[in-house]
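# A structural walkthrough
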Amino acid sequence: MKKSNLKTKLLASITCLSFGFTGLANAGAHSEDVYGPFPVTLKGYSGDCTNTVSYSGQIARHVQHDSLKYLSTKGDYDEMNAYYSGSDKNKQIWAPASKEGFPIKQILLNDISSGKNLSGKTYKGTITAWPNNMTGPEVIDFWMSKAESNPKDVSVGLNYQQLISKFIMGAVFYNQAVDNYLDEKMEADTKPNDKPYKDGACYTGKEHSWDEAFGYWGAAAHSLLLSAEQNYNVAKKKDLASADFNSDGVVDLKSEYVFAHAYYASSFDKGGKTSYLEDITRAFLNGRKLITSANGEKLTDAKRSELMGYVSIISDNWEKVIAESVFKYAGSTYKSLVALEDVTNADLPKEFDKYMKYWGELKGFSMALQVGKDNIGETGTKLNRMVGFGPMLLDETQIVGIDVNGNYVMDKIYSMNDAKLHMLKIQKLMIDQFGIEARANDMLSDMADLASKIGTSESAEND
Amino acid sequence: MEIFFDIFQNLVDQFTNPKKRVFILYLFISILIAAGWLILHKKKSLKESIKFIFNPKVFFSKSATSDYKVFFINQVIMLLISPHLLTQITIATALYFFFFEISFLDMGLFATTPKYVIISLFTLTHFIVDDFSKYIVHRWMHRWPFLWALHKVHHSATNLTPMTVFRTHPLEGLVFTLRSAFAQGLTISTFVYFFAGGVDLYTVLGANLFVFLFNVFGSNLRHSHIGIRYWRWLEYILISPAQHHLHHSVAKEHYNKNYGAALAIWDWVFGSLHHSEDTETLTLGLGTNDDQKKHSLKELYLIPFVESFKFLKRNFKSIFLFKKIKKNKSEIYYEKFPQ
Ligand SMILES: [Zn+2]
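Just so you know, these numbers come straight off a predicted model, no measurement behind them. (Residues numbered from 1 in each chain as written. Chains lettered and ligands numbered in written order. Predicted model: local features only at pLDDT ≥ 70, side-chain atom pairs only at ≥ 80, totals over all residues. Heavy atoms only, no water.)

With that settled, consider the state of the cysteines. Each disulfide is one covalent bond, formed between the sulfur atoms of two cysteines. Residue and element names in this part refer to chain A. Evaluated as defined, the whole model comprises one disulfide over all chains. Paired through a disulfide, Cys49 and Cys202 show a sulfur-sulfur distance of 2.2 Å. Measuring the twist about the S-S bond at about 45°, one finds the Cys49-Cys202 disulfide to be right-handed. Here Cys49 is found in the loop between α1 (2-26) and α2 (56-71), whereas its partner Cys202 is found in the loop between α5 (160-181) and α6 (205-217), with 153 residues between them in sequence. (Disulfide = S-S within 2.5 Å. Helix = DSSP H or I, 4+ residues; strand = E, 2+ residues; numbered from the N terminus.)

Within the secondary structure, B:Arg222 sits in the loop between α10 (209-216) and α11 (241-247). Owing to a relative accessible area of 2%, B:Arg222 belongs among the buried residues under this scheme. Ignoring anything within four residues of it in the chain, the contact list for B:Arg222 reads A:Asp463, B:Arg21, B:Leu160, B:Phe214, B:Ile239, B:Pro241, B:His244, B:His245, B:Gly260 and B:Ala261. (Buried < 20%, exposed > 50% of the residue type's maximum accessible area, 1.4 Å probe, protein only. Contact = heavy atoms within 4.5 Å.)

The next subject is α10(B). Residues and elements named next belong to chain B. By the burial criterion, the buried members of α10 are Phe212, Phe214, Asn215 and Val216. Of the surrounding elements, those touching the buried residues of α10 are α2 (24-41), β1 (203-204) and β2 (207-208). Between the side-chain oxygen at the start of α10 and the backbone nitrogen of Phe210 there is a gap of 2.8 Å, and the oxygen is on Asn208. (Polar contact = N/O pair within 3.5 Å; in protein donor to acceptor, adjacent residues only side chain to side chain.)

What follows is about the interface of chain B and chain A. The interface of chain B with chain A comprises 55 residues on the first partner and 30 residues on the second. Interface area lost by chain B to chain A is led by B:Gln9, B:Phe97 and B:Phe100, which between them contribute 17%. Our count for the contact surface shared by chain B and chain A stands at two salt bridges. The closest approach of N and O atoms between A:Lys425 and B:Glu101, which form a salt bridge, is 3.5 Å. Along the contact surface separating chain B from chain A lie nine residue pairs in polar contact (both at pLDDT 80 or more). Elements represented by at least two residues in the side of chain B that touches chain A include exactly α1 (2-16), α5 (62-81), α6 (88-101), α7 (115-143), α8 (145-155) and α9 (170-195) of chain B. No other element matches α9(B), which puts 10 residues into the side of chain B that touches chain A. (Buried area = accessible area lost by both parts, 1.4 Å probe. Salt bridge = Lys/Arg side-chain N within 4 Å of Asp/Glu carboxyl O.)

Turning our eyes to something else, we now look at the pairing of strand β4 (residues 408-411) of chain A. Residue and element names in this part refer to chain A. The sheet contact formed by strand β3 (residues 398-402) and β4 spans four bridges and is antiparallel. Residue pairing for β4: Gly401 is matched across the bridge by Val409. Hairpin connection of β3 to β4: five residues between the antiparallel strands, including Gly406 at a positive phi of 85°. (Pairing = 2+ DSSP bridges.)

Right, let's talk about helix α15 (residues 445-454) of chain A for a bit. The complete set of buried residues in α15(A) reads A:Met447, A:Leu450, A:Ala451 and A:Ile454. Angular distribution of buried residues about the axis of α15(A) spans 100°; they occupy a single face of the element. Of the surrounding elements, those touching the buried residues of α15(A) are α6, α7 and α9 of chain B. Following α15(A) by one or two positions, A:Gly455 adopts a phi angle in the positive range, close to 105°. (Arc of directions from axis to C-beta.)

What follows deals with the pattern of salt bridges. Residues and elements named next belong to chain A. For the structure on display, the rule yields 21 salt bridges over all chains. Here Lys382 makes a salt bridge to Glu378, at a shortest N to O gap of 3.7 Å. Of this pair, Lys382 and Glu378 both sit in helix α13 (residues 378-387), four residues apart, roughly one helical turn. With a relative accessible area of 31%, Lys382 lands in the partly exposed category.

On to a nonpolar patch on the surface. Taken together, B:Ile24, B:Leu25, B:Phe28, B:Leu32 and B:Leu205 make up a surface patch of nonpolar side chains, about 490 Å² in accessible area. Here B:Leu205 lies in the loop between β1 and β2. (Patch = residues over 30% accessible without salt bridge, like charges linked within 9 Å, V, L, I, M, F, W, Y side chains within 5 Å. Areas by Shrake-Rupley, 256 points an atom, 1.4 Å probe, with all protein chains shown as cover.)

All names here are of chain B. Looking at where Ile77 falls in the secondary structure, it is placed in helix α5. For Ile77, a relative accessible area of 25% corresponds to the partly exposed category. Separated by 93 residues in sequence, Ile77 and Pro170 place their C-alpha atoms 7.3 Å apart. Not counting the four nearest positions on each side in its chain, Ile77 is found in contact with Pro170 and Tyr301.

For the rest of this paragraph, the subject is the packing of helix α11 (residues 301-341) of chain A against helix α12 (residues 348-368) of chain A. Residue and element names in this part refer to chain A. Relative orientation of the contacting elements α11 and α12 amounts to 155°, with a least axis distance of 8 Å. Considering their axes alone, α11 and α12 lie roughly antiparallel with respect to each other. The hand of the α11/α12 crossing is left-handed. Between α11 and α12, the contacting residues are Ile322, Ser325, Val326, Tyr329, Ala330, Ser332, Thr333, Ser336, Leu337, Ala339 and Leu340 on the first element and Leu348, Glu351, Phe352, Lys354, Tyr355, Tyr358, Trp359, Glu361, Leu362, Phe365, Ser366 and Ala368 on the second. Among the residues making up the contact of α11 with α12, the classes are represented as 15 nonpolar, five polar and three charged. (Axes fitted to C-alpha atoms, helices over the stretch in contact; angles between N-to-C directions. Parallel < 35°, antiparallel > 145°, perpendicular 65-115°, else oblique. Left-handed = near helix turned anticlockwise from the far one by under 90°. Nonpolar A, V, L, I, M, F, W, Y, C, P; charged D, E, K, R; others polar.)

Before going further, it helps to examine the confidence of the model for chain A. The pLDDT averaged across chain A works out to 92; a share of 93% of its residues lies at or above 70. Of the regions scoring below 50 in pLDDT, residues 1-29 of chain A engages in 11 contacts with residues more than four places distant in sequence or in other chains. (pLDDT = per-residue confidence, 0-100.)

Residues and elements named next belong to chain A. Together, Lys99, Lys236, Lys238 and Lys270 give the surface a local cluster of positive charge. As for its placement among the helices and strands, Lys270 is situated in the loop between α9 (260-269) and α10 (276-293). A residue is classified by how much of its surface remains accessible, and Lys270, at 36% relative accessible area, is partly exposed. (Lys, Arg positive; Asp, Glu negative; His and termini not counted. Charge placed at Lys NZ, Arg CZ, Asp CG, Glu CD.)

All right, on to the side chain of B:Ser49 then. Residue and element names in this part refer to chain B. With respect to the helices, strands and loops of the structure, Ser49 is situated in helix α3 (residues 46-53). Polar contacts involving the side chain of Ser49 include one to the main-chain carbonyl oxygen of Ser45, which spans 2.7 Å. Other than its neighbours up to four places away in sequence, Ser49 contacts Ala35, Leu38, Ile39 and Lys44.

All names here are of chain B. Chain-level statistics for chain B give a pLDDT mean of 86 and a share of 92% at 70 or above. No element of chain B has a lower mean pLDDT than helix α15 (residues 327-334), at 38, and none a higher one than helix α12 (residues 265-269), at 96. Between residues 324-339, whose pLDDT stays under 50, and residues either more than four places distant or in other chains, the model counts 42 contacts. Predicted as a complex, the structure gets a pTM of 0.83 and an ipTM equal to 0.84.

Turning our eyes to something else, we now look at the packing of aromatic side chains. All told, the structure shown has 48 aromatic pairs over all chains when counted by the stated rule. With a centroid separation of 5.4 Å and 80° between ring planes, the pair formed by A:Trp130 and A:Trp143 is classed as edge-to-face. Placement of the pair is A:Trp130 in the loop between α3 (77-84) and α4 (136-149) and A:Trp143 in helix α4, with a sequence separation of 13 residues. An aromatic cluster of at least three residues, connected via ring pairs, comprises B:Tyr96, B:Phe98, B:Phe99, B:Phe100, B:Phe110, B:Phe122, B:Phe191, B:Tyr193, B:Phe194 and B:Phe195. When the ring centre of A:Tyr197 is taken as reference, the NZ or CZ atom of A:Lys191 above it lies at 3.9 Å. Over the aromatic face of B:Phe52 sits the side chain of B:Lys44, whose NZ or CZ is 4.5 Å from the ring centroid. (Phe/Tyr/Trp six-rings, centres within 6.5 Å; stacked < 30°, edge-to-face > 60°. Lys NZ or Arg CZ within 6 Å of the ring centre and 35° of its normal.)

Moving on, we come to the layout of surface pockets. Residues and elements named next belong to chain A. One number sums up the size of the second largest pocket: a volume of about 700 Å³. If you go around the second largest pocket, you meet 33 residues; those closest to its centre are Lys69, Ala235, Lys236, Tyr263 and Tyr264. Of all the secondary structure elements, the ones that give two or more residues to the lining of the second largest pocket are α2, α5, α7 (228-235), α9, α11 and α12. Each residue belonging to the lining of the second largest pocket can be placed in one class, and the counts come to 17 nonpolar, six polar and 10 charged. (1 Å grid on protein atoms, 1.4 Å probe; cavity = no way out; pocket = protein on both sides within 12 Å on 5 of 7 lines; lining within 4 Å. Points joined across faces, edges and corners; volume = space filled by probe spheres on them.)

Structure, rendered in structure tokens:
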């Protein structure tokens, strides 16, 4: 603590000394920190487009996800599926919807973009975190059909709303961004920067691929001008002034709202220990500026490798945001397990409902963590084993499989005490594997606090 | 660049962090205690006392000079290896999980204990467990030839100064770090598991209250030329500076005595206690004929490796088959500390 303070102070003063003047020159240049507009760089383009930034398809999917989340407690499969698999009707935006003091510009999905769906963009690989070797879209479909009859199934402990929402954020947004747009589409010969993304477009292959990834991230175009707290309040529809960047009195979902993992990042960052939202959003912005600076030419190897540096910042921190969420909900689930131990009969339904919600979030985020660019290997296996297919019920049974009719198979495979221990071990696993820092609901913080109070155990001293 | 900064910072930290032995305030208080002892007990004048305390023959001796070098070099070495060492938190977490899996160990069993009792108990236990583990490990350092080869570096000091505390072979430093991690990990995990939320530490300037007291009451004089003695009864409980000086003595009757760090109780219980004597007559070091040649960096860093390794190689079988090691074989490495 003491040490790092000293270091920070010294480094800060050195930085101040050497960059004092540059810093002054940059003050007030706010629009530099906004994602867009960016000019046309494409050679030979003759249309009337002036701003090449476009990620409305991604925003449409965020809105489909939010609306699906809203509908997943209402028990109508077809309605849910209209938002998941797309619909030829111009559907209503259920969420985020206007509320008192927070008017939203768009009312219908086509006000943003038409013809989009989530199903086509859901991770197609096998989901080992769920029984019966289903693909991503199959898992979502299975959950939606279960949610139709019983959105919160107390008999097995599943809260489908949480499962569907948290998994989609990973299997669509995170996966599409880090495993597709920032991966394959950043390769030298794919979607090159000296050609339009598709025929007739005013943006280049690289420009648009980058913008699509940014869209999936979910930050507002002006998120860098806001504090973590303000970004958080925008997502909570509590701070119109912060959201309404162009001061037209309404919140434009296409650029002024904070969605999905960007929102979760802000929730951790406002604790002050991390800066995920800022780091990721800044890397996106710097990467976009770099591509723009290529001026419609193919990216040189040097530029592309600089760009890949931004990609690593984005992928690594995004993964951490999800790992922080796993950590947080493992902590909540642990607390719920303790609370359920001596809960009164009157409080049981309420407590159990919380428990199902927390476990659902834990499961959804832990599945999201496994659909990134890299296979997290053994960490995933351990995580799946410790989280399980369903929360442990009070009679110590839990879901162990799904039978041929699609019914859950329940069994007793370990004790309540083991279930609690698993939550603690999941927290440790997230720290060890992903080096997370925010650590909300840290169940082992007492020990870490004592250890740091006592001081380092390093000692080359002969008393 | 970064590494030089870290080294510099670690060096500064040793003197500015109240959790460290040579924190500037502790050194200053030690001087006051030494002066008090010389004036009141030894009936020296203030001037004589000051001259005696800051004796350049001690602080610029070959022995002391090598202490300073070792201090500096070890800072660098520890900085490089410490990120790879087992920490107290790793051990605490592992033990906590282990307790969890034993069904009859109820978590939070004593959670209703008043908070001040928990904190007092933790503060005291941490100090006692730490001190006891130091005693045990120090004893091994003298009893096991391959460890003695390392610990000899510390005992090769022919003058004691507060900086002699750092005169430690890096491998020995590794053993000490593990000891500290285990002692702390054990105390932390046990308390947090059984007392749940209320565990805390009473501190002064950030240091454990008892560690602070130990340091304020002249821990730095343990390695010094000021042979402060306690009352006979107190030397059963706390190790006086003079008692520790005796641990460094070359005299046969002082071999393997006073292993304790702060508490003398362990020496008393396990039969290694020796009361202090007039330390001005003590000769310090290993007691070989060429003790003054033991201050080179080669002797301090390289030879211990070689000796320790040679011993392990020669006695590989006996050690791993738990056979009694033949005395005559190990004796050469014991030099003046035979069993
Ligand atoms: Zn010794």
